[in-house]
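Summary of structural features
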Amino acid sequence: LGNGWILTAAHVGPSIVTFGEQRFDPIAGSPTQLTNSDGSQADLLLFRIDGDPNLPELSIATSSAKVGQEVLLVAVGSSRSKRVSISTEEQGMVDGFRWKAGQTKRWGTNIIEGEPTLVEQEDVQTMALPIVFDRIESAAGTRQEAVAAKGDSGGAVFARSDPLEPDSPWTLAGL
């Protein structure tokens, strides 16, 4: 975020952070789990790192991304491996991929499909921005269509600060 502060998913926890070849350790006692407006715990965690990676401060969105707005996802998670097809009662044959071992830094885009929705996971509640992975031939998708993958927790979701102005600055809109 800036000034040595890191925002990640609470279920990821504080950890060593690397920028390039430089390593930054979390500062003991700094982790703080954020709460929702109703006081319940959110799956969001702030912590400080020891040192300054000399990065610019991130601009944080003051409101949720809008339905139909394009977002940019950046994370380090699993990549796809071999193709797989399975048969389901609801959808018939569904094509997909197995997960590859290891993690890869990557990015992609998607479109917000609906209003933010409260999602419950064990002992936390978090507002989620609904997105759908559209097939490459679908007109509803984006050119670099992406969704979160295994291990992407804590990765950034960016949206334009003004959804009506495509050249407005990117702001951190979620994880």
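To start, this report covers the structure provided alongside it. Because the structure is a prediction, the values reported are computed rather than measured.

Bringing the overall build of the protein chain into the picture now. Across its full length, the protein chain carries zero helices and 13 strands. Taken along the three principal axes of its C-alpha coordinates, the protein chain extends 50 × 40 × 35 Å. Out of the 175 residues in the protein chain, the part that is buried amounts to 29%. Accessible surface, the protein chain: about 11,700 Å² in total, of which carbon and sulfur atoms supply 51%. Of note, the protein chain has its 14 positive side-chain charges centred 11 Å away from the centre of its 23 negative side-chain charges.

Now for the pairing of strand β11 (residues 124–128). Bridge count for strand β10 (residues 117–121) against β11 is five bridges, and the pairing is antiparallel. Following the sheet pairing, Leu-118 is matched in β11 by Met-127. In this structure, the hairpin formed by β10 and β11 is closed by a connection of two residues, where Glu-122 is found at a positive phi of approximately 50°.

This next bit is on the side chain of Ser-78. Tracing the backbone through its elements, the reader meets Ser-78 in the loop between β6 (70–77) and β7 (80–88). Of the residues examined, Ser-78 reaches a relative accessible area of 8% and is grouped as buried. Residues in contact with Ser-78, not counting those within four places in the same chain, are Trp-99, Lys-100, Gly-102, Gln-103, Arg-106, Ala-149 and Lys-150.

Counted by the stated rule, this structure contains one aromatic pair. Cation over ring: Arg-80 sits above Phe-97, and NZ or CZ is 4.2 Å from the ring centre.

So, about the sheet that holds strand β13 (residues 170–174). Strand order in the open sheet formed by four strands is β9-β6-β12-β13, with antiparallel pairing between adjacent strands. Only two strands of the sheet have a single neighbouring strand rather than two, namely β9 (104–111) and β13. The mean inter-strand angle of the sheet, taken between neighbouring strand axes irrespective of direction, is 30°. Note: β6 against strand β12 (residues 156–160), four bridges, orientation antiparallel. Among the inter-strand pairings, Leu-73 is bridged to a residue of β12, identified as Val-157.

Criteria and cut-off values
Residue numbers run consecutively from 1 along every chain, following the written order of its sequence. Residue-level local features of this predicted model are given only where pLDDT is at least 70; pairs of side-chain atoms are given and counted only at 80 or more, and the full residue set underlies all totals for whole chains, interfaces and linings. Water and hydrogen atoms were dropped before computing side-chain values, which therefore reflect all heavy atoms in the structure. Only DSSP runs of H or I covering at least 4 residues are called helices, and only runs of E covering at least 2 are called strands; the numbering of each starts at the N terminus. The buried label applies to any residue whose accessible area, calculated with a 1.4 Å probe on protein chains only, is under 20% of its type's maximum; exposed applies above 50%, and partly exposed to all values in between. Methods summary: accessible areas were calculated by the Shrake-Rupley approach with a probe of 1.4 Å, and residue burial reflects only the protein chains presented. None of His or the chain ends enter the tally, which takes Lys and Arg as positive and Asp and Glu as negative. In plain terms, the charge of a residue is placed at NZ if it is Lys, CZ if Arg, CG if Asp and CD if Glu. Whether two strands pair depends on DSSP finding at least two bridges between them. Contact between two residues is taken to exist if any of their heavy atoms lie within 4.5 Å; hydrogens are not considered. In this scheme Phe, Tyr and Trp rings, the latter by its six-membered ring, pair at centre separations within 6.5 Å, and the angle between planes marks the pair as stacked below 30 degrees, edge-to-face above 60, and tilted otherwise. For a Lys NZ or an Arg CZ to count as sitting over a ring, it must be within 6 Å of the ring centre and within 35 degrees of the ring normal. Fitting a line to C-alpha atoms yields each axis, with helices limited to the stretch in contact; the angle taken between N-to-C directions then spans 0 to 180 degrees.

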